[in-house]
Amino acid sequence: MKNVSMLARRRVLRGILGGGAVSFGLPLLDCLLNSNGTALANNAPIPLRLATWMWPFGLGDSDYRPKTAGKDYELPVQLASLKPFKERVNLFSGGEVFLDGMSNNTHFTGVQGLFTGKISNGAEYSGSLDTLIGDVIGKGTRFRSIEVSAGGDPRATWSARTGSGKSPAEVSPLKLYTRIFGPEFVDPNAASFTPDPEVMVRKSVLSAVTEDRQDLMKSLGAADRARMDTYFTSLRMLEQKLAIQLEKPAPLEACKKPDTPPQEKSTAISLLSEGMERHDLFAKLLAHALACGQTRVVNSAITTGTDGLRMEGETSNHHTYTHEEPVDPKLGYQVESARFQDRYMRALHDFIATMDSIQEGDRSMLDRMVIYAFTDHSAPRLHSLRNYPQLIIGSGGGRFKTGQHIPRQGDAATRVGLTLQVGMGVPVSAWGSGSNRVTSPISEVLA
Amino acid sequence: MLKRVLVLAASVLPLMGSPASLSSATDPVPAVVAPSPLRISPAFYKQSIIDIFGPSIDVEGRFEPEEREEGLMAVGARKVSVTDAGLELYDDIARGIAAQVVDEKRRTALIPCKPQSATAADDACARTFVTQTGRLVFRRPLTEQEIATKVKLAGEAATTLKDFYAGLGAILGDMLIAPDFLFRHRAIEPDPAKPGEYRLDGYSKAAQLAAFLWNSAPDDMLLTAAATGELHTADGLRRQVDRMASSPALESGVRSFFADMLGFADFETLAKDPMFFPAYTIKAKGQTQEQTLRTIVDHLIIRQGDYRDLFTTPRTFLTRSLAALYNVPLVELADNGQPDRWIPFTYPEDDPRAGILSQASFVALHSPSGRSSPTLRGKALRENILCQRVPPPPGDVQFNIVQDTSNPLYKTARQRLTAHSTSPACAGCHKITDPIGLSLENFDSSGAWRINENGAEIDTNAELNGVKFNGAAGLAKVIRNDAALTGCVTRRVYAFGVGAQPPRNDEWKAIEKKFADSKYNFPGLMRQVALSSMFFALPSTQETAK
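Residues numbered from 1 in each chain as written. Chains lettered and ligands numbered in written order. Predicted model: local features only at pLDDT ≥ 70, side-chain atom pairs only at ≥ 80, totals over all residues. Heavy atoms only, no water.

**Description of the overall build of chain A**
Looking only at helices and strands, chain A features 11 helices and 11 strands. In chain A, which comprises 447 residues, the proportion classed as buried is 60%. Long-range contacts, defined here as pairs at least 24 residues apart, represent 73% of the contacts in chain A between residues at least 6 apart. Put simply, chain A shows about 16400 Å² of open surface, and 53% of that area lies on carbon and sulfur atoms. (Helix = DSSP H or I, 4+ residues; strand = E, 2+ residues; numbered from the N terminus. Buried < 20%, exposed > 50% of the residue type's maximum accessible area, 1.4 Å probe, protein only. Contact = heavy atoms within 4.5 Å. Areas by Shrake-Rupley, 256 points an atom, 1.4 Å probe, with all protein chains shown as cover.)

Structure (structure tokens):
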């Protein structure tokens, strides 16, 4: 069934276009924010944003856990890079993904539990945390979410809508730039707005495809109907994206179109330095995409656990080090492997700093968003599902109290996911299944 | 599609309640269900575009990643859908193709009519284009309603943009992201020969045959055979299968099958360290896949060779780049300024390198970026070539000996793995993978030949199923004579065509026997599978092989 208002709007716009391209004059952008900087001048609240940030192989066995809880904890050496942001970080330690008798499909099951709340023996994976939150905070933007993978593998992504497969990640900063800021980008601060007739045509033509939906469903079994439902949902989202491009965007003071990133030699990479370089390029693009209102949800991953990156001149990659290197008896961790973890945490610092570098009124964008950082395994050598480090960075516009260490030894790691949802306004009272089901958020961090 | 489904719906509806109840994934499942729609592969997409619009069209862009299941992407295709980010990718590709089809230099050849004005709508010409092109893109004729809708939209777009061809481009871009193109639907209809039962309709049969044998869309003759009912008769089906099996397009089907079975999609993310492997360039990486596919096509189609001999044949094809990678002398008699020309090459009789397992497409693909891995190679051989499952490693494993290359006691991979495998927790799986992988240790991570590792001579003695052998040549002979080799490829061929495992019945056993009797003639196997009654069987009549 078509949405009546959408049809009406399309007819109106067709009418406008029938008379040729039209420019709408916009008011000068002299006062975009209200006096206290919490809302746009039209009193619409500054949008809430979510970034997820996934790194492989955790931080160590249990040695990363601070000895004290609350605000006055000492930041562990593994997280030393985050010191400048300590007051804006919540560190959750000790959470666990419970197998409930199912097998541990290494590098998959842990994330499956952490990010979707439910585990299974198969490869089923859907309904990830970012999409649940995105459904609440992300409507009305050009992209429902944007996924990137620094390690070059488009499959290194953990975002999946309910009933859908994992969204492919962008692996090329240049292609991501073109996707967001290419010819289809509409600058929200431009002095005039002209609906693109080609976008109008595309949207009009696209609408016809959805009309065939009923016919395609009829002879299919339940699982296949769900697959086709996913396809048609994607189609509707593409249609909505085009509709948004035909509307005059609200002005956003912080929006600035970034410079074009350099062309890559190859999408396939294996070196840590290359991966980190891409990570930083992606971080800048994602920050600008958020600031320019192109999306409110971004998902960044370094690699899947099995796609280990390497240091220059070394034959072993991070993954093989985690398996093969003994734990140093004096230090209590894997020395070679820890070099990678340190580098990833420096990358997380850079990601946070990039978000913090964008000013929106009297505060930075980081203050109006949340970054959820998580990993596939806790103890890297064991590929363990216990004692997970989880981080929530940023207060989400005052929704979260920050600067704390929250030890939750033996608790379901999914509780952090539920807390995140509750704080971000998802109307949910329970999340997860089996032993990973939780029914109460972590109150210490909710404002 | 509409017409066909309505025929079915008339039969199914009384069992299911009101039409409104059919619209959701949560609604009751019909009593008779069609086989799962298969999302088309990137290879199929590209070949279809070439066959419909010609090789001058560039299919540019990245596709939504495929999922491997039961050893094949073709089987995983029945489980995957299209995500919102994935549809954006398809949309970009589709618009790129559409723009090329209607551009000034191609429109004369690819648009079957000329509009009265290039700057205004022309319903008659648009109708011709939609009808003819739509039939090839959707792999079936469009219904009158579909044609009318698209012609109307093309007209509106042409009027808005003041460009007839832009209107056609918009419609074509739309067709290329439609579910009728991105998924290969298998529509069912009542079977007049068997009252109360259903069968695949003619167009679905045509599409399945074309995807299997040609890795492409059906051509005009096949669609005509679908329209006339020829594909529902034994003689008619045989005529079409024989025509297709003798067509040059069979090469595309064979290439597509082996690229899937050998896991070539993983090349997209494969990288080697240029510091260690300077000859393994991006160009060489692409050519390693082509080398193996050329070897396969030459051996199986042109020479009609025994499938088993693919693993022992000394014949292959090389470029100068590959010759540098393999460090073999390549005599170029006719250069003509083409440094990457493919040249037939035959290894000497006593050369240990023979067969496709000695090629970089296998030994380099299944190695980490900085070193070789007997375990990964053994696992790939078991799983991809012999259809045997290797269990995943347990989580808590001490691998410290394996990788300590500085330990003077364990210089080679064999020495390190032997020490590691003495652990009872590890021994079970490593006995399955390592012995065969160790026989290939003369190939480094890039596929180049070596005889030493860290100054110690590499020992390539190995054992498979109680048979002792040495090196890549020994492995090739043992694999060639392993019964699992032919059983595996037979099942994979069926699964590639149907998207499901073959049933274990007398007809299947007969196909296996014919394959053996033909001295494992591969095109013959494809033909037998395509002609079998199982090839078009509906899900309820299929038994899954264990």
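**A look at the overall build of chain B**
Across its full length, chain B holds 24 helices and 10 strands. Evaluated residue by residue, chain B yields a buried proportion of 59% over its 546 residues. At a minimum sequence separation of 6, the contacts of chain B that also span at least 24 residues come to 67%. On chain B, roughly 22000 Å² of surface is accessible, and the fraction owed to carbon and sulfur atoms is 54%.

**A look at the side chain of Glu-189 of chain B**
All names here are of chain B. Inspection of the secondary structure puts Glu-189 in strand 3 (residues 188-190). Residue class for Glu-189 comes out buried when judged on its relative accessible area of 18%. Those residues in contact with Glu-189 that lie beyond four places of it in its chain are Glu-197, Tyr-198, Arg-199, Leu-200, Asp-201, Gly-202 and His-232.

**Concerning the pattern of salt bridges**
Counted under the stated rule, the structure contains 57 salt bridges over all chains. Between Asp-356 of chain A and Arg-88 of chain A there is a salt bridge, and its shortest N-O distance comes to 2.6 Å. Residue Asp-356 of chain A is found in helix 10 (residues 335-356), and its partner Arg-88 of chain A is found in the loop between strand 2 (49-55) and strand 3 (89-95); the two are separated by 268 residues along the sequence. Connected via shared salt-bridge partners are Arg-142, Glu-184 and Arg-202 of chain A together with Asp-91, Asp-92 and Arg-95 of chain B. (Salt bridge = Lys/Arg side-chain N within 4 Å of Asp/Glu carboxyl O.)

**Overview of the packing of aromatic side chains**
Across all of its chains, the model carries 31 aromatic pairs over all chains by this definition. With centroids separated by 6.0 Å and ring planes inclined at 55°, the aromatic side chains of Phe-108 of chain A and Tyr-125 of chain A adopt a geometry described as tilted. In this pair, Phe-108 of chain A sits in the loop between strand 3 and helix 2 (109-116) while Tyr-125 of chain A sits in the loop between helix 2 and helix 3 (129-137), placing the two residues 17 residues apart along the sequence. Of the residues examined, Tyr-125 of chain A reaches a relative accessible area of 7% and is grouped as buried. When the ring of Tyr-494 of chain B is compared with that of Trp-508 of chain B, the centres are 5.6 Å apart and the planes differ by 75°; the resulting orientation is edge-to-face. Residue Tyr-494 of chain B is located in helix 22 (residues 483-498), and its partner Trp-508 of chain B is located in helix 23 (residues 506-517); the two are separated by 14 residues in the primary sequence. Tyr-494 of chain B gets classed as buried once you look at its relative accessible area, which sits at 0%. A relative accessible area of 5% means that Trp-508 of chain B is categorised as buried. Connected via pairs of aromatic rings, a cluster forms that spans Phe-257, Phe-258, Tyr-307, Phe-311, Phe-496 and Phe-522 of chain B. Taking the ring centre of Tyr-73 of chain A as reference, the NZ or CZ of Lys-86 of chain A above it sits at 4.4 Å. The ring of Trp-158 of chain A has Lys-166 of chain A sitting right over it, with the charged end atom 4.1 Å from the ring centre. (Phe/Tyr/Trp six-rings, centres within 6.5 Å; stacked < 30°, edge-to-face > 60°. Lys NZ or Arg CZ within 6 Å of the ring centre and 35° of its normal.)

**So, the nonpolar core**
Tyr-45, Leu-209, Phe-258, Tyr-307 and Phe-522 of chain B are the most contacted members of the largest nonpolar core, which totals 155 residues. If you tally residues by element for this core, the top one is helix 10 (residues 202-214) of chain B, at eight residues. Ignoring any residue separated from it by four or fewer positions in sequence, one finds Tyr-307 of chain B in contact with Phe-258, Met-261, Leu-300, Leu-485, Thr-486, Val-489, Phe-515, Lys-519, Tyr-520 and Phe-522 of chain B. Judged by nonpolar contacts, the second largest core, of 55 residues, contains Val-89, Phe-181, Ala-283 and Leu-309 of chain A. (Core = buried A, V, L, I, M, F, W, Y, C linked by side-chain atoms within 4.5 Å.)

**Observations regarding the environment of Pro-348 of chain B**
Note that Pro-348 of chain B resides in the loop between strand 6 (343-346) and helix 16 (360-363). Look at Pro-348 of chain B and you get partly exposed, because its relative accessible area is 45%.

**Some points on the domain arrangement of chain B**
Residue and element names in this part refer to chain B. On domain assignment, one finds that chain B holds domain 1 (32-184), domain 2 (188-247), domain 3 (278-293 + 305-480) and domain 4 (483-541). Look at where the C-alpha atoms of domain 1 and domain 4 centre, and you get two points 33 Å apart. Each side of the interface is counted separately: domain 1 has 11 residues, and domain 4 has 10 residues. Each partner contributes to the roughly 770 Å² buried at the junction of domain 1 and domain 4, and carbon and sulfur atoms together form 63% of this total. (Domains from an automatic or database assignment. Buried area = accessible area lost by both parts, 1.4 Å probe.)

**Digging into the packing of helix 13 (residues 250-261) of chain B against helix 24 (residues 522-531) of chain B**
Residue and element names in this part refer to chain B. In contact at an axis separation of 12 Å, helix 13 and helix 24 are set at 90° when each is read in the N-to-C sense. As far as their axial angle goes, helix 24 and helix 13 are roughly perpendicular. Of helix 24, the residues touching helix 13 (which contributes Leu-250, Gly-253, Val-254, Phe-257 and Phe-258) are Phe-522, Pro-523 and Met-526. Looking at the contact of helix 13 with helix 24 residue by residue, the classes come out as seven nonpolar, one polar and no charged. (Axes fitted to C-alpha atoms, helices over the stretch in contact; angles between N-to-C directions. Parallel < 35°, antiparallel > 145°, perpendicular 65-115°, else oblique. Nonpolar A, V, L, I, M, F, W, Y, C, P; charged D, E, K, R; others polar.)

**Observations regarding unusual backbone geometry**
Residue and element names in this part refer to chain B. One non-glycine residue, Arg-139, lies in positive phi territory at about 60°. In this structure, Arg-139 sits in the loop between helix 6 (123-137) and helix 7 (144-161). Classification of Arg-139 by relative accessible area gives buried; the value is 4%. If you check the backbone angles, Lys-162 has positive phi at about 55° while not being a glycine.

**Quick word on the sheet that holds strand 10 (residues 388-393) of chain A**
Residue and element names in this part refer to chain A. Taken in spatial order, the seven strands make up an open sheet running 4-6-2-9-10-3-11, and their pairing is mixed. Looking along the sheet, the strands with just one partner apiece sit at the ends: strand 4 (146-149) and strand 11 (405-407). Direction aside, the axes of adjacent strands within the sheet are offset by 15° on average. Of the pairings in the sheet, the one linking strand 2 to strand 6 (residues 297-301) comprises five bridges and is parallel in character. What sits directly across from Trp-53, in strand 6, is Ser-300. Packed onto the sheet, helix 2 meets strand 2, strand 6, strand 9 (369-375) and strand 10 and runs at close to 155° relative to strand 9. Where helix 10 meets the sheet, it contacts strand 2, strand 6, strand 9 and strand 10, and its direction lies at approximately 165° from that of strand 2. (Pairing = 2+ DSSP bridges.)

**Here's the deal with the confidence of the model for chain A**
Per-residue confidence for chain A gives a mean pLDDT of 86, with 88% of residues at or over 70. The low-confidence segment residues 1-37 of chain A, where pLDDT is below 50, has 60 contacts with residues more than four positions distant or belonging to other chains. (pLDDT = per-residue confidence, 0-100.)

**Some remarks on the pairing of strand 10 (residues 467-470) of chain B**
Residues and elements named next belong to chain B. Relative to strand 10, strand 9 (residues 461-464) runs antiparallel, the two being bridged by four bridges. Across the sheet, Glu-463 pairs through a bridge with Lys-468, a residue of strand 10. Connecting strand 9 to the next strand, strand 10, in antiparallel fashion are two residues, including Asn-465 with a positive phi near 50°.

**With respect to the state of the cysteines**
Residues and elements named next belong to chain B. Per the counting criterion, the structure on display carries three disulfides over all chains. Bridging Cys-113 to Cys-125, the disulfide has an S-S length of 2.0 Å. One quick way to see it: the torsion about the S-S bond of Cys-113 and Cys-125 is about 95°, and its sign makes the bridge right-handed. Here Cys-113 is found in the loop between helix 5 (107-110) and helix 6, whereas its partner Cys-125 is found in helix 6, with 12 residues between them in sequence. Residue Cys-113 is classed as partly exposed on the basis of its relative accessible area of 21%. Through a disulfide, Cys-387 is tied to Cys-488; the S-S separation comes to 2.0 Å. For the disulfide bridge between Cys-387 and Cys-488, the dihedral angle about the S-S bond is near 70°, and by the sign convention the bridge is right-handed. Taken as a pair, Cys-387 in the loop between helix 17 (374-385) and helix 18 (400-403) and Cys-488 in helix 22 lie far apart in primary sequence, 101 residues in all. (Disulfide = S-S within 2.5 Å.)

**A word on helix 4 (residues 173-181) of chain A**
In terms of burial, helix 4 of chain A is a largely internal element, seven of the nine residues being buried. Pro-173, Leu-174, Leu-176, Tyr-177, Arg-179, Ile-180 and Phe-181 of chain A are the residues of helix 4 of chain A that are buried. As for helix 4 of chain A, its buried residues are in contact with strand 4 and helix 8 (272-291) of chain A together with helix 4 (84-101) of chain B.

**Section: the environment of Phe-515 of chain B**
Residue and element names in this part refer to chain B. You can see Phe-515 is positioned in helix 23. Residue classification places Phe-515 among the buried positions, given a relative accessible area of 2%. Phe-515 sits 10 residues away from Leu-525 along the chain, and the two C-alpha atoms are 5.8 Å apart. In contact with Phe-515, other than residues within four places in its own chain, are Tyr-307, Thr-486, Val-489, Thr-490, Tyr-520, Asn-521, Phe-522 and Leu-525.

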